Amino acid sequence: MHGIGRMQESSYFGDLPGVGEIHTGTTIMAVEFDGGVVVGSDSRVSAGAAVVNRVFNKLAPLHQQIYCALSGSAADAQAIADMATYQLELHGMELEKQPLVLSAANVVKNITYKYREELSAHLMVAGWDPYQGGQVYGTLEGMLIRQPFAVGGSGSAYIYGYVDASYKPGMSPEECRQFTTNAIALAMGRDGSSGGVIYLVTITAAGTKQEIILGKELPQFYDEKSECKEYNSLCETAK
Amino acid sequence: MLQADWNPQGGFSFKNCQRNAFLESSLKGLRVPHARKTGTTIAGLVFQDGVILGADTRATNDSVVADKNCEKIHFIAPNIYCCGAGVAADAEMTTQMMASNMELHALSTGRKPRVVTVTRMLRQMLFRYCGTCVGELKQFWKIWEGGRERECLGWGWKINGWEARARGKWAGWGNREVGRRNDEISPHSYQGHIGASLIVGGVDITGPLLYSVHPHGSYSRLLFTALGSGQEAAISVLEDRFKPNMTLEEGQQLIVEAVTAGILDDLGSGSNVDMCVITQAGAKIQRAVSTPAVISKRQGKYRYPKGTTAVMKETVTPLALEMIEETVQTMEVE
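All of these numbers come straight from a predicted model, not from anything done at the bench.

Scoring rules and cut-offs
- Residues numbered from 1 in each chain as written.
- Chains lettered and ligands numbered in written order.
- Predicted model: local features only at pLDDT ≥ 70, side-chain atom pairs only at ≥ 80, totals over all residues.
- Heavy atoms only, no water.
- Helix = DSSP H or I, 4+ residues; strand = E, 2+ residues; numbered from the N terminus.
- Buried < 20%, exposed > 50% of the residue type's maximum accessible area, 1.4 Å probe, protein only.
- Contact = heavy atoms within 4.5 Å.
- Areas by Shrake-Rupley, 256 points an atom, 1.4 Å probe, with all protein chains shown as cover.
- Axes fitted to C-alpha atoms, helices over the stretch in contact; angles between N-to-C directions.
- Parallel < 35°, antiparallel > 145°, perpendicular 65-115°, else oblique.
- Left-handed = near helix turned anticlockwise from the far one by under 90°.
- UniProt positions renumbered as here; feature names shortened; annotations may be inferred.
- Polar contact = N/O pair within 3.5 Å; in protein donor to acceptor, adjacent residues only side chain to side chain.
- Pairing = 2+ DSSP bridges.
- Core = buried A, V, L, I, M, F, W, Y, C linked by side-chain atoms within 4.5 Å.
- Salt bridge = Lys/Arg side-chain N within 4 Å of Asp/Glu carboxyl O.
- Phe/Tyr/Trp six-rings, centres within 6.5 Å; stacked < 30°, edge-to-face > 60°.

Peer 1: Can you tell me about the overall build of chain B, naming the residues and giving the values?
Peer 2: Per the secondary structure count, chain B includes 7 helices and 14 strands. Put simply, chain B has 334 residues, and 45% of those count as buried. Here the contacts in chain B between residues at least 6 apart in sequence split such that 63% fall between residues at least 24 apart. Here chain B displays about 19800 Å² of accessible surface, and carbon together with sulfur accounts for 52% of that area.

So this is what it looks like as structure tokens:
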């Protein structure tokens, strides 16, 4: 699945630097484990070349134990998330119990599919319910597909190899968190439109736990490590 | 062709967008007048007791300054104010509509207005007018799949057919009977744009809140932000000097510095800095808190006295005019 491409609107809004619409230009990821899911995202929102928000949380709650991760056009993604939250709340009230993650994914998929010509956003739905446990659904361009893990957004293109090679079924929640963090950090390192901090949400039967991984705590790889000669020499010249 | 609208609809009307597009495409070299953009610097931050909003006061029309002292901080509710950047009319009308809707909402719920409500109403409205057509457009795509040649329906509106535009492509229904009146569909059939970027700030029961809303309807909740053509300059000042839980004096100083950076380093922003401080106690607007760039006085007199240019020759030619008709209309002065 390729990340959604950028939409070229005319530069009507001359006040904003760069061209046109606000994009999340994102890396999002969700991993299922036995008993729940881990959802993660970066925090950069860009408008052309400018970063409009460097601490934006792209993990939006759709219901108590169901989250969605936003990518693509920020306005479209936020609007879909709002619509889905509303419909899901209504659905939950009618059912008089917690809606299934599959229902949430269907709600999002229906909106995305119906208006797929007009909208340019991808919402990944992940959560926990008592029937099927942790589930991750991709709803790219209006399809519905359940996966053991999913990556999305413009940064995901850079980490397909990494996630395919590193994923092992039956990981623990802590391993899943580490897997997600590493993958998103790698994507942030290569994708210009992903960056900032990493937001993580772990959803289990007990509830949801949110974490933020700030800049200094991000995992560092060979070219950023303190043992790396090139990096150290750069630091020296910067001083 | 253009018919009078006997049932005026509230809200925005985009009837002329299609006509303008048609004119631009059919008459080569015609430049449709563009809406005036404010070319702004607006900024906002949250401090320990509330929110401070700041804005410059220059409104530009392309490269001409149209208004040297316009007001960009708009009232929404006694505890909520909004700075607007982008197209001046759009920002003004949008915020006025929000203010009215918030007043009605507060009256009907019996509760004080909240910042999140304003933000939600704003982004839902901006999203509606900036992108998707809800529902209607799908039908027209189906008809379009037949691959018919695009037909221009002319200037005005036809009851039985209309054109919708989605993402730059034209879809037409030709002369098929729609079975509905155009003005029912029109708010949603347009790719009309409201070019307003807004910073909404206020203090309500949940505390101080600051949101930035973009023209297509996306929003962010932030502790400090800047929008407009001068946003880069202002954001760099804010990024450097912002600290959480600042005092009132520090916050005011920082906002003035941020907007001043926009005024001095951006061509589209200028004149004075306006500021609005909102706390639990209420809101206070201060116009022209600071004037970073004072217009200098003219150095000399540039008027020439009469007689500087010598008159060589003077010719007078009387025009022979004949009185044809005279009408006298008396005024009622009682």
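Let us keep going from here.
Peer 1: Lay out the overall build of chain A in plain terms, naming residues and giving numbers.
Peer 2: Per the secondary structure count, chain A includes 5 helices and 12 strands. Counting all 239 residues of chain A, 54% fall into the buried class. When the accessible surface of chain A is totalled, it reaches about 10700 Å², and 54% of it is carbon and sulfur.

Peer 1: Could you give me a rundown of the packing of helix α1 (residues 74–95) of chain A against helix α2 (residues 101–114) of chain A, with the residues and numbers involved?
Peer 2: Residues and elements named next belong to chain A. As a packed pair, α1 and α2 sit with axes 10 Å apart at the nearest point and diverge in direction by 135°. In terms of their interaxial angle, α1 and α2 are classed as oblique. In the crossing of α1 with α2, the sense of the turn from one axis to the other is right-handed. Of the residues in α2, those in contact with I80, M83, A84, Q87, L88 and H91 of α1 are S103, A104, V107, V108, I111 and T112.

Peer 1: Go over the UniProt feature "active site" (unreviewed entry) in chain A, please, and point to the residues and values.
Peer 2: Residue and element names in this part refer to chain A. Sequence positions flagged by UniProt for "active site" (unreviewed entry) are, in local numbering, T26. Leave out the neighbours within four places in its chain, and T26 touches D42, K58, L70, S71, G152, G153, S154, G155, S156, D191, S193 and S194. A polar contact of 3.2 Å, which involves the side chain of T26, links it to the side chain of K58.

Peer 1: Break down the sheet that holds strand β8 (residues 133–138) of chain A for me, with residues and values.
Peer 2: Residue and element names in this part refer to chain A. Spatial ordering of the open sheet is given by β5-β6-β7-β8-β9, a layout of 5 strands whose pairing is antiparallel. Each having just a single partner strand, β5 (59–63) and β9 (145–146) make up the two edges of the open sheet. Sheet analysis places strand β6 (residues 66–72) next to strand β7 (residues 121–129), joined by 7 bridges and oriented antiparallel. Counted as the bridge partner of G72 is A121 from β7. Here α1 sits on the sheet and contacts β5, β6 and β7; the angle it forms with β6, its principal contact strand, is near 160°. Each of β5, β6, β7 and β8 is contacted by α2, which is oriented at about 165° to β7, the strand it contacts most.

Peer 1: Can you lay out the pairing of β6 of chain A for me, pointing to particular residues and giving the numbers?
Peer 2: Residues and elements named next belong to chain A. β6 sits mainly inside the fold: 7 of its 7 residues count as buried. Inspection of the sheet shows β5 paired to β6 by 4 bridges, in the antiparallel sense. By the bridge assignment, A60 is partnered in β6 with C68. What sits between β5 and β6 in their antiparallel hairpin is a turn of 2 residues.

Peer 1: I'd love a proper account of the nonpolar core, names of residues and values included.
Peer 2: The biggest cluster of nonpolar side chains holds 27 residues, and the ones touching the most others in it are L62, C68, L123 and V125 of chain A. Among the secondary structure elements, those contributing two or more residues to this core are β5, β6, α1, α2 and β7 of chain A. Here this core takes 7 residues from α1 of chain A, the largest share from any one element. Once you skip the residues sitting within four places of it in the chain, L62 of chain A turns out to touch Y67, C68, A81, A84, T85, L88, A104, V108 and V125 of chain A. One finds L238, M246, V256 and A258 of chain B within the second-largest nonpolar core, a separate group that totals 22 residues.

Peer 1: Talk me through the pattern of salt bridges; I want residue IDs and the actual numbers.
Peer 2: The full count for this structure, using the stated rule, is 12 salt bridges over all chains. The closest approach of N and O atoms between E239 of chain B and R54 of chain A, which form a salt bridge, is 2.4 Å. Highlighted residues: E239 of chain B in helix α6 (residues 231–241) and R54 of chain A in the loop between β4 (50–53) and β5, drawn from two different chains. According to the relative accessible area criterion, E239 of chain B is partly exposed, its value standing at 35%.

Peer 1: How would you sum up the packing of aromatic side chains? Please name residues and give values.
Peer 2: Applying the stated rule across the entire model yields 7 aromatic pairs over all chains. On the numbers, 5.9 Å between centres and 80° between planes, the contact of F149 of chain A with F179 of chain A is edge-to-face. Here F179 of chain A lies in helix α4 (residues 173–190) and F149 of chain A lies in strand β10 (residues 149–152), a separation of 30 residues in the sequence. Both residues of the pair, F149 of chain A and F179 of chain A, belong to the buried class. Seen in terms of ring centroids, Y211 of chain B and Y219 of chain B are 5.9 Å apart; in terms of plane orientation they differ by 40°. Their pairing is tilted. Overall, Y211 of chain B belongs to the buried group, its relative accessible area being 8%.

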